[in-house]
Amino acid sequence: MTASTHSATTRSGQPSASDRDAIAKAATLIEALPWLNRFHGETVVIKYGGHAMADEELRAGFAQDVVFLRYAGLRPVVVHGGGPQITDHLARLGLQSTFTAGLRVTTPETMDGVRMVLTGRVNRDVVGLINRHGPFAVGMSGEDANLFTARRKPAIVDGAAVDIGLVGEITEVSPGAVRALLDDGRIPVVSSVAAGTDGEVYNVNADTAAGALAVALGAAKLVVLTDVAGLYADWPGTGADAPDLSGQVISQLAAAELEALLPALSAGMIPKMTACLDAVHGGVPQAHVLDGRLPHAVLLEIFTDSGIGTMVVPDGSPA
């Protein structure tokens, strides 16, 4: 600092604009301190998807967030899907994407494309983004070391089961390989396909996979990135004096409250909120749905007092 700058700063008795910026940054770091202490050494499972996976700036920011967690002493695990990328790839191959009850009808030919895109393309992209900041990320498929085992899952249409091909629901998680990577200081990046006991390979929902892995790892948090601000209190008032809550995001709710809401949720939110519910039922203390369109959403949730999005906690947890 030059003598003239110092004089201008001290003469007024007030900090300069640059000093105020520095003080604000220091305050942010101090705010993060109790959360750094609380989550040091803990595992955090992050489901990566939505707009955060498509926008280049958000992609870069997500990679920075994950590496920050690693340097801060947390043990991040990334689970990803890739629905839009799969649809684009299949279209280039002349294969039409068909959905029943929100699930992709997955023929053996379609499954080849799903497997190629998720494990061969999207997974490598995420690994590459993270590894720009250091040799941390290791890509793996849910098939590797039988991380995920699945069985065929039908779609339910008007109360009846409809066969939709090689779509699976996870029946078992064997997290030993993921734990070994975490113990080695790595960041596992997992694609959401699974081996079947029948020898088939299954396409599984990435939200569900992330929730199941969080339970198996004894994670401190499950974080699900999506394209909305959280779960909305979408019940407009009916009386003249009743408040309209439709634009408000629910910041926290208990498992029983979420369970009661599930049947009325939109099709897109059901798997995300079900993953959160299953996670807290399985012993994960906190599960979050965050807006992945917000830069550095993961860091804002974990390291700030206010947090963002919707947090699901076990019944009986303090508000």
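First things first, this report covers the structure right here in the doc. (Residues numbered from 1 in each chain as written. Predicted model: local features only at pLDDT ≥ 70, side-chain atom pairs only at ≥ 80, totals over all residues. Heavy atoms only, no water.)

## Quick word on the nonpolar core
One recurring pattern in soluble globular proteins: nonpolar side chains tend to sit buried together. Grouped together as the largest cluster of nonpolar side chains are 84 residues, with contacts concentrated most on Val45, Ile46, Ile130, Leu231, Leu258 and Met273. Here this core gets nine residues from one element, more than from any other, and that element is helix H5 (residues 108-131). Contacts of Ile46, omitting those with residues within four sequence positions, involve Phe62, Val66, Leu69, Val77, Val78, Val79, Val223, Leu225 and Val298. (Core = buried A, V, L, I, M, F, W, Y, C linked by side-chain atoms within 4.5 Å. Buried < 20%, exposed > 50% of the residue type's maximum accessible area, 1.4 Å probe, protein only. Helix = DSSP H or I, 4+ residues; strand = E, 2+ residues; numbered from the N terminus. Contact = heavy atoms within 4.5 Å.)

## So, the pairing of strand S2 (residues 75-80)
When you tally the buried positions in S2, you get five out of six residues, the bulk of the element. Where strand S1 (residues 43-48) lies against S2, six bridges are found, and the strand directions are parallel. When the sheet's bridge partners are listed, Ile46 is paired in S2 with Val78. Where the polypeptide runs from S1 across helix H3 (residues 56-71) and back to S2, its parallel neighbour, the crossover connection is right-handed. (Pairing = 2+ DSSP bridges. Right-handed = clockwise from strand over helix to strand, strands pointing away.)

## Re the sheet that holds strand S5 (residues 137-141)
The strand order S5-S10-S2-S1-S13-S15-S16-S14 describes an open sheet built from eight strands, whose pairing is mixed. Of all the strands in the sheet, the pair left with one neighbour each is S5 and strand S14 (252-254). Taking each pair of neighbouring strands and ignoring which way they run, the sheet shows an average axis angle of 20°. As defined by bridge partners, S1 adjoins strand S13 (residues 221-226) across four bridges and the pair is classed as parallel. Each residue of the ladder has a partner; that of Val44, found in S13, is Lys221. (Axes fitted to C-alpha atoms, helices over the stretch in contact; angles between N-to-C directions.)

## A word on the layout of surface pockets
Approximately 1,300 Å³ is the volume found for the largest pocket. Lining the largest pocket we find 45 residues, and of these Gly102, Leu103, Asn205, Asp207 and Pro271 sit closest to its centre. Those elements that place two or more of their residues in the lining of the largest pocket are helix H4 (83-92), strand S4 (103-104), strand S7 (155-157), strand S9 (168-173), helix H7 (206-217) and helix H9 (269-281). Considered class by class, the residues forming the lining of the largest pocket number 20 nonpolar, 16 polar and nine charged. A volume near 290 Å³ is recorded for the second largest pocket. (1 Å grid on protein atoms, 1.4 Å probe; cavity = no way out; pocket = protein on both sides within 12 Å on 5 of 7 lines; lining within 4 Å. Points joined across faces, edges and corners; volume = space filled by probe spheres on them. Nonpolar A, V, L, I, M, F, W, Y, C, P; charged D, E, K, R; others polar.)

## Things to note about the environment of Leu58
Residue placement: Leu58 occurs in helix H3. Separated by 234 residues in sequence, Leu58 and Gly292 have C-alpha atoms that sit 8.0 Å apart. Ignoring any residue separated from it by four or fewer positions in sequence, one finds Leu58 in contact with His51, Ala52, Gly292, Arg293, Leu294 and Pro295.

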